[in-house]
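Fold and geometry: a report
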Amino acid sequence: MFNQKVFKIISIALAFSILLVFKEKTLNSLNLSFGWWSYSEILINYPDQFVRRGLLGEIIQLFSQNSGSIKIVNNFIFFNFLLFVTLLMYTFRRYKLSYKIIFLYLVFPLGILHMVVFDNFYHRKDLIYLNLFLIVLNLFITHPEKHKELKFITLLFTTVFLGLIHEGLLLLFIPIYIFFIEKYFYKKKLFYVSYRNIFLILNLVLFTISTIFKGNQHQAENIWNSLHISDKRLISENINDFEFNGIGAIGWSFLEPLNLFYQVLNSGAIFYWVFSFLLIIYFYNSVFFGSDFKLFQFKITQSNLINKFYLLYVPILVVGWDWGRWIMVFFYSFTFILLESLNKEDIKNLYLSRNNFYFILLVSFLTVIPEYNISEINYNIFEQYYKFLVNFKNIFL
């Protein structure tokens, strides 16, 4: 009980401190604290016709009113991240997860501390998916037998919204949502069509629309020309160069993503990604199964936690070179699938050994899981931790 209270204070204080530093980076700043690729991808809009990934940028352009978008984007990113931290902590506690484990989630290489210290993930559209996922999940676990139709409609609405923001997110969350649909809407039908199949049909329609309206170089140029000059300068030193950023990617053929996939393979860093995945497996096994790997294997194979739709991750890895993003989405999504597979008593009695706790803590502070090709990055981790502490200190000066 004493440890639980100590970790509660530490976890809440850490989350609050992270948000304070993050507020200075975003809400109180007119600078771009994250990557220019993410910024350009956020600003994809509909300047002359519908194109994939354009919904979020179109909304931002409405608020920007023909001026630079950095303030609007920074505000959005702050509140989106704030919502993620709030929902994450709230949902963990709804499952009665101990604060000791929550603390490890905060400092893990995919946790919110690393996101802010190393400027990873928080500026990606994937965080919108995780927020909507956590909202839908909380609806599911609140009076599971009530208002099922309304809950399913909410799920379909979030599917459409995400599909219009980034079609890749559809492939990511299909296997995750299939698990929850089969658990909470088992044998539910609408006009003799199961909820599961309705969900799959909607995803197919949305992905087909994204394929038809994938965009071309001319549309990418129109999107680029619709941006304010200050936004162009944040993205590229040459304001006429738009081909290699999130906007230019709209006009790419299938060959460009394949070339990036080849670069990942050719970088010699594949083992690093394997290590990242094995670290997640070790984390799950230590936290949820008391280091009993046979129990972990049994749960995975016998409890329908893994379905055939995870094969959709294969094309994502081939055409999407930023593997760290997909690993991050999987890490959080599958966490709640594991929590769903455990009963309240199991969660209450979760045992995390002292050795495993300190090992995970040590590895977390010395490891960064990046968004994309690790061979192109040098994080200087101790320098980044120092900057974080300095930024935190400066808040009170």
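Reference entry: report on the structure contained in this document. (Residues numbered from 1 in each chain as written. Predicted model: local features only at pLDDT ≥ 70, side-chain atom pairs only at ≥ 80, totals over all residues. Heavy atoms only, no water.)

1. Things to note about the nonpolar core
- In terms of nonpolar packing, the biggest core is built from 138 residues, with F81, L97, Y105, F199, Y284 and F288 touching the most fellow members.
- Setting aside anything within four residues of it in sequence, one finds F199 in contact with F152, L155, L156, T159, F173, I174, Y177, I178 and I181. (Core = buried A, V, L, I, M, F, W, Y, C linked by side-chain atoms within 4.5 Å. Buried < 20%, exposed > 50% of the residue type's maximum accessible area, 1.4 Å probe, protein only. Contact = heavy atoms within 4.5 Å.)

2. Side note on empty space enclosed by the protein
- Here the structure, examined in full by the defined rule, presents 1 cavity of 30 Å³ or more.
- Quantified by volume, the largest cavity comes out at close to 50 Å³.
- Taken together, I42, L56, F76, I77, N80, Y122, H123, R124, K125 and I128 make up the full set of residues lining the largest cavity.
- Looking at side-chain class alone, the lining of the largest cavity contains 6 nonpolar, 2 polar and 2 charged residues. (1 Å grid on protein atoms, 1.4 Å probe; cavity = no way out; pocket = protein on both sides within 12 Å on 5 of 7 lines; lining within 4 Å. Points joined across faces, edges and corners; volume = space filled by probe spheres on them. Nonpolar A, V, L, I, M, F, W, Y, C, P; charged D, E, K, R; others polar.)

3. Notes on the packing of helix α7 (residues 126-141) against helix α9 (residues 168-184)
- Interhelical geometry of α7 versus α9 gives an angle of 5° and a closest axis separation of 12 Å. Taken together, α7 and α9 sit at an angle that is classed as roughly parallel. The segment α7 lies against α9, with D126, Y129, L132, F133, V136, L137, F140 and I141 engaging L169, F173, I176, Y177, F180 and Y184.
- Taken together, the residues that form the contact of α7 with α9 break down as 13 nonpolar, no polar and 1 charged. (Axes fitted to C-alpha atoms, helices over the stretch in contact; angles between N-to-C directions. Helix = DSSP H or I, 4+ residues; strand = E, 2+ residues; numbered from the N terminus. Parallel < 35°, antiparallel > 145°, perpendicular 65-115°, else oblique.)

4. Notes on a nonpolar patch on the surface
- Judged by side-chain polarity, I201, V205, I209, I212 and F213 come together as a nonpolar surface patch covering roughly 430 Å² of accessible area.
- Here F213 shows up in the loop between α10 (195-212) and α11 (217-226). (Patch = residues over 30% accessible without salt bridge, like charges linked within 9 Å, V, L, I, M, F, W, Y side chains within 5 Å. Areas by Shrake-Rupley, 256 points an atom, 1.4 Å probe, with all protein chains shown as cover. Salt bridge = Lys/Arg side-chain N within 4 Å of Asp/Glu carboxyl O.)

5. Remarks on unusual backbone geometry
- For K96, which is not glycine, the phi dihedral falls at a positive 65°.
- By the element assignment, K96 lies in the loop between α4 (70-94) and α5 (99-107).
- In the Ramachandran plot, S291 falls in the positive-phi region, its phi being about 65° despite a non-glycine side chain.
- Structurally, S291 can be placed in the loop between α14 (270-288) and α15 (293-302).
- Given the relative accessible area of 38%, S291 is considered partly exposed.

6. Focus: the pattern of salt bridges
- With the rule as written, the count across this model stands at 13 salt bridges.
- In this structure, D119 engages K25 in a salt bridge whose closest nitrogen and oxygen atoms are separated by 2.6 Å. You can see D119 sitting in the loop between α6 (112-117) and α7 and its partner K25 sitting in helix α1 (residues 2-25), a full 94 residues away along the chain.
- A residue is classified by how much of its surface remains accessible, and K25, at 15% relative accessible area, is buried.
- Between E371 and R124 there is a salt bridge whose closest N-O contact spans 3.0 Å. Pair noted here: E371 is in the loop between α19 (354-366) and α20 (381-395) and R124 is in the loop between α6 and α7, with a separation of 247 residues, a long-range link. R124 shares its class with E371; the two are buried.

7. Examining the environment of I198
- For I198, the position within the fold is in helix α10.
- Accessibility expressed as a relative area gives 18% for I198, which makes it buried.
- Put simply, I198 and L156 are 42 residues apart on the chain and 8.9 Å apart in space, counted from C-alpha to C-alpha.
- Not counting chain neighbours up to four residues away, the residues in contact with I198 comprise F152, L156, L190 and V193.

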